[in-house]
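# Residue-level structural notes
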Amino acid sequence: TLADEIIRDQEAALYSKAMVYPNPATNMLSITLDGFSGRVSATILDEKGVTVRIIDLAPKGNRRMDVEVSSLKRGMYFLKLQSARGSQTLKFTKL
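Now for a description of the structure that goes with this document. Being a predicted model, the structure only gives us computed values, none of them experimental.

### Re the packing of aromatic side chains
The relative placement of two aromatic rings is captured by the distance of their centres and the angle of their planes. As enumerated under the stated definition, the model contains 1 aromatic pair in all. Ring geometry for Y77 and F92: centres 5.6 Å apart, planes at 20°, overall stacked. Linking Y77 in strand β6 (residues 75-83) with F92 in strand β7 (residues 86-94), this pair joins segments that are 15 residues apart in sequence. Among the residues examined, Y77 registers a relative accessible area of 7% and is labelled buried. For F92, a relative accessible area of 1% corresponds to the buried category.

Given below as structure tokens:
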């Protein structure tokens, strides 16, 4: 289930720390990626766990990326980040 996946991701988060802001978001969602290395796959899931968008991130330097979310409907979403080093799932709200 999605809840079990979030718990596993929280364990992996001991090594990889990510944050999203602003939360709630309207047009842009900023993602900071501490502890992630190389390419990062970002999957946006709706509140039912259905994949809405998959984004390939290749952060450089400050490890911050911006993702456009204006086309998403209002509601709660999950952002699943995966790299070779681990994964983490974060929750955000789209206004």
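### Section: the pattern of salt bridges
This model, assessed by the stated rule, comprises 2 salt bridges. Note that D56 is salt-bridged to R39, the shortest N-O span being 3.5 Å. With D56 in strand β4 (residues 51-57) and R39 in the loop between β2 (28-34) and β3 (40-46), this pair connects stretches of sequence that are 17 residues apart. When its relative accessible area of 54% is taken as the criterion, R39 is described as exposed. With a closest N to O distance of 3.0 Å, D66 and R64 form a salt bridge. We classify D66 as partly exposed; its relative accessible area is 41%.

What counts, and where the lines are drawn
Residues numbered from 1 in each chain as written. Predicted model: local features only at pLDDT ≥ 70, side-chain atom pairs only at ≥ 80, totals over all residues. Heavy atoms only, no water. Phe/Tyr/Trp six-rings, centres within 6.5 Å; stacked < 30°, edge-to-face > 60°. Helix = DSSP H or I, 4+ residues; strand = E, 2+ residues; numbered from the N terminus. Buried < 20%, exposed > 50% of the residue type's maximum accessible area, 1.4 Å probe, protein only. Salt bridge = Lys/Arg side-chain N within 4 Å of Asp/Glu carboxyl O.

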